Amino acid sequence: MAVEHDWTALPDHILINIFSHLPLHDRCTAALACTTWSGCFDSPYLWRKFIFQFFKEEDARQLMCLTKHGSQLRDVNIVLNQKSQPNRENACTVLSSLARLEERRLQSISIQFTTENPLFFQGMEFLYGLAELFGPPDPQIQMLNTLYEVDLSGLSITLDDILFNLLAIHHNETLNSVNLQNSPLCCRVTPECILNLVQKCRKLTSLSMHYKSMSEGVLEEFAKKDRKPLKMLSLACRREEKYHKPISAASWEKLVDKLPNFQVKFFFDHTIERHRIATILHPHIPVIKLCMRTLTELHEEVAMTAEYYHETLEHFVITTKGTDRLQQALLNLVEISPRLKVLHCYCALDDNTISRVKELCPNLEKFTLKTTDEFNAMMPSLIGREARSVAQNQQIVY
């Protein structure tokens, strides 16, 4: 005998959890089923987190959520194809609407572009929208929360000091995590701006940025006792670093003495000069993740990684030319790095090396071991749009 189920008897918290995984269109359709489901649709808990996705014209319907539920939003992620002007306008409407809500509970904001920028695109409308969101609110607006987390790593436009100075002034009491490690052609965020941000935001525990914006003063500020301990520091190193003074080993050592549990991630892209890697990396840095994407031989840098970071390294990515010396250095790294969980090698390895890596590190959670090089050693040097396109086509996993 068939058993009848009364779907209206499901507890509200279960329905809200189910609704939270539905696209907006399906969520609205489900809300029409009955009064119970309609009530769950309007629950403030359902609208604490929302992902705005703008890929086609009809996606503009998502903007209607801001009128009725905007005051409940706490965690907002904006994902868009920025080649389309309507998509960009919709995304900027979200930013300005969030800034002008009569009651603001927003704590987290992130923006992610999904394709190449249009020709001559500077993204000024996004800078203006973020400046309004980060800046002083209208006196009539009730600020129930200030920002806790800001992630601009997916926003591939040139950022400048203005945004982060606004964060330091208006969100310093709660700001915990900032990620400005995006992929523009140049970085205009100065070390003085980052130092000001760190000095004013005493609860900042996670910072992802470009090495060009780093300074020894930032490390000294993080080492002070009257602030929350730093947990994660991520640094992306590019061609611009040849004009930037490297952080001294002594500065790193002082910070590690004060904060023995904090962790560091390093990313070296294909534009950085090889000799700069050795001037940036020091044995005192507690590196847990290291990504080196260059078009040169890196066997010496892999050997240095094994020597410096074998006790802390958990995630290692390399794109280079496969050689016998590289394979030997890689095997040594794997053998003496007990915490290694992720290994991606985009270079030619022979079958014996691959088998040996698997034997030495059987507990790898993720790995890529190639038998051919991922690039043509005779290819011309690329910069700008072409270089980014090649990097994206390689689909290198970080």
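Residues numbered from 1 in each chain as written. Predicted model: local features only at pLDDT ≥ 70, side-chain atom pairs only at ≥ 80, totals over all residues. Heavy atoms only, no water.

(A) Quick peek at the pairing of strand β12 (residues 315–319). Where burial is concerned, most of β12 is hidden: five out of the five residues are buried. Residue alternation in β12 divides its side chains into two sets, His315, Val317 and Thr319 and Phe316 and Ile318, and both sets are buried. Pairing of strand β11 (residues 287–293) with β12 involves five bridges; the strand directions are parallel. Its bridge partner lying in β12, Cys291 is registered against Val317. Once the chain exits β11 it traverses helix α12 (residues 299–309) before rejoining the sheet at β12, and the crossover so formed is right-handed. In the sheet, β12 pairs with strand β13 (residues 342–346) via five bridges, with the strands oriented parallel. What sits directly across from Ile318, in β13, is Cys345. Taken together, β12, helix α13 (residues 324–335) and β13 form a β-α-β motif whose crossover is right-handed. (Buried < 20%, exposed > 50% of the residue type's maximum accessible area, 1.4 Å probe, protein only. Helix = DSSP H or I, 4+ residues; strand = E, 2+ residues; numbered from the N terminus. Pairing = 2+ DSSP bridges. Right-handed = clockwise from strand over helix to strand, strands pointing away.)

(B) View of the environment of Val264. Along the polypeptide, Val264 turns up in strand β10 (residues 263–268). A relative accessible area of 0% places Val264 in the buried class. Here the alpha-carbon distance between Val264 and Leu207, two residues 57 residues apart in the chain, equals 9.9 Å.

(C) Expanded view of the nonpolar core. Counting 108 residues, the largest nonpolar core has Phe266 and Phe316 as its most contacted members. No other element matches helix α5 (residues 85–100), which puts six residues into this core. Apart from residues no more than four positions distant in its own chain, Phe266 is found in contact with Tyr211, Leu235, Cys237, Trp252, Ile280, Leu281, Ile285, Val287, Lys289, Leu290 and Cys291. Ala236, Phe267, Val317 and Tyr346 belong to the second largest nonpolar core, which has five residues in total. (Core = buried A, V, L, I, M, F, W, Y, C linked by side-chain atoms within 4.5 Å. Contact = heavy atoms within 4.5 Å.)

(D) Summary view of the packing of α5 against helix α6 (residues 124–134). Following both chains from N to C, one finds α5 and α6 inclined at 15°, their axes separated by 8 Å at the closest point. Considering the angle they form, α5 stands roughly parallel to α6. The element α5 and its partner α6 pack so that their crossing is left-handed. Here Arg88, Ala91, Cys92, Leu95, Ser96, Leu98, Ala99 and Arg100 of α5 come into contact with α6, specifically with Glu125, Phe126, Gly129, Leu130, Glu132 and Leu133. (Axes fitted to C-alpha atoms, helices over the stretch in contact; angles between N-to-C directions. Parallel < 35°, antiparallel > 145°, perpendicular 65-115°, else oblique. Left-handed = near helix turned anticlockwise from the far one by under 90°.)

(E) Region of interest: helix α8 (residues 191–200). Looking only at α8, the buried set comprises Pro191, Cys193, Ile194, Asn196, Leu197 and Val198. Buried-residue contacts for α8 involve α7 (161–170), β7 (177–179), β8 (206–210) and α9 (216–222).

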